[in-house]
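Each chain is listed here by its residues.
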Amino acid sequence: MRFQSPQTLWLLFPLLLSPFFWKWLESRARRAFQGFLSTEMTASLLKGFSPGRRRARFVFLFFAALFGVLALARPQMGTREETMRSQGLDVVFLLDVSNSMLTEDALPSRLMKAKHMIRGFLDRLSGDRVGIVAFAGSAYPAAPLTTDYDFVRQTLEILSERSIANQGTDLSKALKVGVELLERGGVNEDETPGEPAPAGGRVIVALSDGEDQVGKEAEYARELKKRGIVVYTIGIGSLKGGPIPVRDEGGSLRGYKRDRSGGMVLSRLESGSLEAIAAESGGKFYPASSNEGEVDEIIGNVSGMERTEGTERKVVVYDELFQYPLAMAIVLFLIQLFMSEASSVATAAVLFLALVSGAFPGPALGSIREYRDSKEGVRAYGENDYPEAVRRFGNAQADNPGLPTHHMNLGDALLKAGSPEGAAREFEQALKSRDANEAARGAFNLGKAFEATENHEQAIRSYQQGLDRLLGGEKGGEKADPEVVERLKRALQNAQQQKQRKKEGKDKKDGGQDQKDKKKDESKDEEKKKEEPKQYTNPKPKFKPEKLTENDAKRILKQLQEQESKTQVRVMRAKTGKVQDTKIEKDW
């Protein structure tokens, strides 16, 4: 037995941990009942509940998931042989690997761009035979026609500008080698090299910057059309062009390509020869774009061509067994689905709420946790366990963020725990309450938080805001709590006194510092008067004559003569306007 998708079996590991997770959920649900309901009410609600049926449902569901994973892995047993005949196109890519393809006007370079486009063709082709011809000044078949796309990709990786020593660009030689490759055939799994290719759809895709230096490719393209070979050309590069970088073996930039006269070579996209080849053979020319949409367009154009009949080959087919575990999974799932854990709908609903509330948060289930966390927070606060109180009140506040009481409790616990900044944030939320008395209590506690950080000015504003809120509530018909009003007034008075004392102490300190600074400045002025200003003059440099030797004088005279002769040559060239023509042989 074997599995077609063995990686799916990794799902068995979390599945084997599910019993422990289920047990944890059960314990959470049990604690939720104990914290929220009395023992008598719990017994009344769970009347008719069967723990055995509940465990049986889990067992059925567990094995249903287990058989489902086995079905996904596709178990197979037994083999048989079938004969298959391949059908597809024969596609040959002509890849320009000349030095000009190193130009970086197509990112990251023209050659890398062309390789990426060929990979795009390979990703979209299926069942078609593919070959590669590398060319520059000469051409050779880098990969024969084959359906092994991984081999073609590996060959594509090792091709570079060093693959051909004879530099330059000769598209006609590349076309001839490509045609020979199509007519000679290729190598498939059950084929031998050199076997003739049957007649059918044959395509050549040339990727180059078009700097052809021979010019015979258009004549040869006419013969290709007669043989039923269509040529599509893709121009790599830009009309603006760029210099050709020269790099060492490590890939470090050493400069840029120069011609024999010393001038920098500027390579541009020359689409004339590429357009002529495509037009004469019945294909089409495409300039390379950033999104490589021309790849999809060429695939669409050749999809309607007649497919080549490949050779017959025998393949081994395995018998599938996935239907048996799949059927078991469906049956077990249906059994647990129709099993009942309780005798009444109300009991089942309570069980579901208790189970989910123990594991997952939600607005409809938050009241159980909210009550329990608030109760535990009050207990921890009374025992001076303020970190635990902060945690419990924080959980209750998360379950019901809109209740001001939770913000007040959490803020008070944070203040006791030594975090006045966090307490101030919670009291600010309580201050937004629509109830004037609740908002006033929030303002009172907020002022206490500001006083803890000795920010008496903010505390005064908070107390005043609470009084204003109570006054506005009375105008709207609400009755202000006298105790809250008295606390706010007393706290406001104390805060103002603290601010006044702090200001007086600061003024006294600043006055003493001003006296010290004044005396210090007077002592500095007296010291300056005792000192007399000094004048400094820069001495004039004296010229010290040096005596030239006879050899030095001859050398200087010779340099002056050479400069004058060069100047005369430039003047004569400017007058005549003649430039000597030199024939430069290209090697890019």
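Above this text is the structure in question.
All residue numbers refer to positions counted from 1 along the written sequence of the respective chain. Owing to the predicted nature of the model, reporting of local features is limited to residues with pLDDT of at least 70; listing and counting of side-chain atom pairs is limited to 80 or more, with chain, interface and lining totals taken over all residues. Excluded from the side-chain calculation are hydrogens and water; included are all heavy atoms of the structure.

1. Looking at the overall build of the protein
Consideration 1: Scanning the protein for helices and strands turns up 20 helices and 13 strands.
Consideration 2: For the protein, buried positions account for 37% of its 588 residues.
Consideration 3: By the convention used here, residues are in contact when the closest approach between their heavy atoms is within 4.5 Å. Considering only contacts in the protein between residues 6 or more positions apart, those separated by 24 or more positions represent 74%.
Consideration 4: Residue-level accessible areas treat just the shown protein chains as cover; the underlying method is Shrake-Rupley with a 1.4 Å probe. Of the roughly 36500 Å² of accessible surface on the protein, a fraction of 54% belongs to carbon and sulfur atoms. In this description a helix means any DSSP run of H or I spanning at least four residues, a strand means any run of E spanning at least two, and both kinds are numbered starting from the N terminus. The buried label goes to any residue with under 20% of its type's maximum accessible area, the exposed label to any with over 50%, and the partly exposed label to all in between, with areas taken from a 1.4 Å probe on protein chains only.

2. Some thoughts on the side chain of S208
Consideration 1: Summarising the element assignment, S208 is placed in strand β6 (residues 202–208).
Consideration 2: Think of a polar contact as two N or O atoms within 3.5 Å of one another; within protein, one of them needs to be a possible hydrogen donor and the other a possible acceptor, and neighboring residues in sequence only count if both atoms come from side chains. Within polar-contact distance, the side chain of S208 engages the side chain of D96 at 2.7 Å.
Consideration 3: The contact partners of S208, leaving out residues within four places of it in the chain, are D96, M101, F135, T169, L171, I234, G235, I236, L269 and L274.

3. Structural notes on helix α7 (residues 171–184)
Consideration 1: Taking 1.5 Å of rise per residue, the 14 residues of α7 would be expected to cover 20 Å, and the 20 Å separating its terminal C-alpha atoms lies within 8% of that figure.
Consideration 2: Buried within α7 we find L171, S172, A174, L175, V177, G178, V179, L181 and L182. Any helix carries an expected span of 1.5 Å times its number of residues minus one.

4. Observations regarding the environment of Y286
Consideration 1: Note on placement: Y286 falls in strand β12 (residues 285–287).
Consideration 2: Y286 sits 15 residues away from S271 along the chain, and the two C-alpha atoms are 9.3 Å apart.
Consideration 3: Those residues within four positions of Y286 in sequence are excluded, and the remaining contacts are Y232, T233, I234, G235, E294, E297, I298 and N301.
Consideration 4: A polar side-chain atom of Y286 sits 3.1 Å from a polar atom in the side chain of N301.

5. Quick word on the nonpolar core
Consideration 1: What we call a nonpolar core is a set of buried Ala, Val, Leu, Ile, Met, Phe, Trp, Tyr and Cys residues that are connected through their side-chain atoms within 4.5 Å. Ranked by internal contacts, the top residues of the largest apolar core, which has 37 residues, are F93, L95, F121, V205, L207 and I234.
Consideration 2: Element by element, the count of residues in this core is highest for helix α5 (residues 110–124), at six residues.
Consideration 3: Contact partners of F121, with chain neighbours within four places excluded, come to F93, V205, I234, V295, I298 and I299.
Consideration 4: Grouped together as the second largest cluster of nonpolar side chains are 33 residues, A436, A440, Y463 and V484 included.

6. As for the packing of aromatic side chains
Consideration 1: By convention, a stacked pair of Phe, Tyr or Trp rings (six-membered ring in the case of Trp) has centres within 6.5 Å and planes under 30 degrees apart, an edge-to-face pair has planes over 60 apart, and any other such pair is tilted. Applying the stated criterion across every chain, the model contains seven aromatic pairs.
Consideration 2: Taking the centre distance of 4.8 Å and the plane angle of 20 degrees together, the rings of W22 and F58 count as stacked. One end of the pair, W22, is in helix α2 (residues 18–36); the other, F58, is in helix α4 (residues 51–72), with 36 residues separating them in the sequence.
Consideration 3: Taken together, a centroid distance of 5.4 Å and an interplanar angle of 85 degrees make the contact between F62 and F63 edge-to-face.
Consideration 4: Under the relative-accessibility criterion, F62 is labelled buried at 15%.
Consideration 5: On the basis of relative accessibility, which here comes to 36%, the residue F63 falls in the partly exposed class.

7. Examining a nonpolar patch on the surface
Consideration 1: Only residues whose relative accessible area exceeds 30% and that form no salt bridge are eligible for patches; like-charged ones are grouped when within 9 Å, while nonpolar side chains (Val, Leu, Ile, Met, Phe, Trp, Tyr) are grouped when within 5 Å. Think of a salt bridge as a Lys or Arg side-chain nitrogen and an Asp or Glu carboxyl oxygen that are within 4 Å of each other. A cluster of nonpolar residues, L61, F322, L326, I330, F333, L334, L337 and F338, forms a patch on the protein surface that exposes about 750 Å² of accessible area.
Consideration 2: With respect to the secondary-structure elements, L326 resides in helix α11 (residues 323–338).
Consideration 3: By relative accessible area, which is 37% here, L326 ends up partly exposed.

8. Re the pattern of salt bridges
Consideration 1: For the structure shown, the criterion picks out 18 salt bridges.
Consideration 2: R129 is paired through a salt bridge with D90; the nearest N and O atoms lie 3.0 Å apart. Here R129 is found in strand β4 (residues 129–135), whereas its partner D90 is found in strand β3 (residues 90–96), with 39 residues between them in sequence.
Consideration 3: Assessed through its relative accessible area of 9%, R129 is described here as buried.
Consideration 4: Judged by relative accessible area, D90 falls into the buried class, the value being 1%.
Consideration 5: The partner of R392 in a salt bridge is E388, with the nearest N and O atoms 3.1 Å apart. Note that R392 and E388 are positioned in helix α14 (residues 386–399) at a spacing of four residues, about one turn of the helix. Summarising the burial analysis for this pair, R392 and E388 share the class buried.

9. Regarding the sheet that holds strand β5 (residues 139–146)
Consideration 1: Two strands pair if DSSP finds at least two bridges between them. The sheet built from six strands is open, its strands ordered β5-β4-β3-β6-β7-β12 with mixed pairing. The open sheet has two edge strands with one neighbour each: β5 and β12. Taking each pair of neighbouring strands and ignoring which way they run, the sheet shows an average axis angle of 15 degrees.
Consideration 2: Relative to β12, strand β7 (residues 229–235) runs parallel, the two sharing three bridges. If you follow G235 over to β12, its bridge partner there is P287.
Consideration 3: Geometry is summarised by axes, namely lines fitted to C-alpha atoms with helices restricted to the contacting stretch, and by angles between N-to-C directions that run from 0 to 180 degrees. Where α5 meets the sheet, its contacts fall on β3, β4, β6 and β7, and the angle it forms with β3 comes to roughly 170 degrees.
Consideration 4: Sheet contacts for α7: β3, β4, β5, β6 and β7; angle to β5, the most-contacted strand, approximately 30 degrees.

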